[in-house]
Structures are given as structure tokens and as C-alpha cells.
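# Breakdown of the fold
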Amino acid sequence: MSPRAEERFKSALQLLAIAGLALIVLVILHKAYVDVAALAEQHSGAGFWRALARYLLRNLAG
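In this report, we go over the structure that sits alongside the text.

Cut-offs and rules
- Residues numbered from 1 in each chain as written.
- Predicted model: local features only at pLDDT ≥ 70, side-chain atom pairs only at ≥ 80, totals over all residues.
- Heavy atoms only, no water.
- 1 Å grid on protein atoms, 1.4 Å probe; cavity = no way out; pocket = protein on both sides within 12 Å on 5 of 7 lines; lining within 4 Å.
- Points joined across faces, edges and corners; volume = space filled by probe spheres on them.
- Helix = DSSP H or I, 4+ residues; strand = E, 2+ residues; numbered from the N terminus.
- Nonpolar A, V, L, I, M, F, W, Y, C, P; charged D, E, K, R; others polar.
- Expected span 1.5 Å × (residues − 1).
- Buried < 20%, exposed > 50% of the residue type's maximum accessible area, 1.4 Å probe, protein only.
- Arc of directions from axis to C-beta.
- Phe/Tyr/Trp six-rings, centres within 6.5 Å; stacked < 30°, edge-to-face > 60°.

In this structure, the largest pocket encloses a volume near 230 Å³. Around the largest pocket, the lining comprises 11 residues; the ones closest to its centre are Lys31, Ala32, Asp35, Tyr55 and Asn59. A per-element tally of the lining of the largest pocket places helix 1 (residues 3-42) first, with 5 residues. Of the residues assigned to the lining of the largest pocket, the class counts are 7 nonpolar, 2 polar and 2 charged.

Below you can see the structure in the form of C-alpha cells.
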């Protein structure tokens with residue numbers, strides 16, 4: 001493999017890794033949005049903030 005082709009291959013792998021990481025971050029953000037939206041539907045006013053705090057404390061390890 002020529003040095004130029006090797007550099008292109010490395011660059012392509014880096015782009016693939018960046019795309020994969022971006023996908024992982026987007027999935028996590030989507031799950032957080034859906035979870036908070038579900039809490040907002042179930043609880044209103046100050047009850048929402050208490051429910052959100054309980055949810056965050058329960059899920060610290062996750």
C-alpha cells in the first residue's frame with residue numbers, strides 16, 4: 001500500500017469513527033429528550049422538578 005493510500009484509509013476510518021460517535025451522542029440526547037418529555041406529561045408544576053430529580057438520582061449509575 002502506498003503512503004498516500006494509507007493516509008486516505010486512515011482518514012476514512014477517522015471519519016467513520018466520528019460519524020459513529022456522533023450517532024451515539026444523538027441516540028443518548030434523543031433518549032434524554034423522550035424521558036424528560038414523558039416526565040413532563042405525567043407531572044406538572046413543581047412536581048415535575050421533584051420527579052426529574054428522582055429520575056436523575058436513580059439513573060446516576062446508568
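Turning next to helix 2 (residues 46-58). When the terminal C-alpha atoms of helix 2 are compared, their 19 Å separation across 13 residues agrees well with the 18 Å that a helix rising 1.5 Å per residue should span. Those residues of helix 2 that sit buried are Gly47, Phe48, Ala51 and Leu52. Down the axis, helix 2 shows its buried residues gathered within 135 degrees of arc, on one side only. Exposed and facing more than 90 degrees away from the buried side of helix 2 are Trp49, Arg50 and Leu57.

The next subject is the packing of aromatic side chains. Inspection of the entire model under this criterion finds 1 aromatic pair. Centre to centre, the rings of Phe48 and Trp49 are 5.0 Å apart; their planes meet at 70 degrees, and the pair counts as edge-to-face. With a relative accessible area of 12%, Phe48 lands in the buried category.

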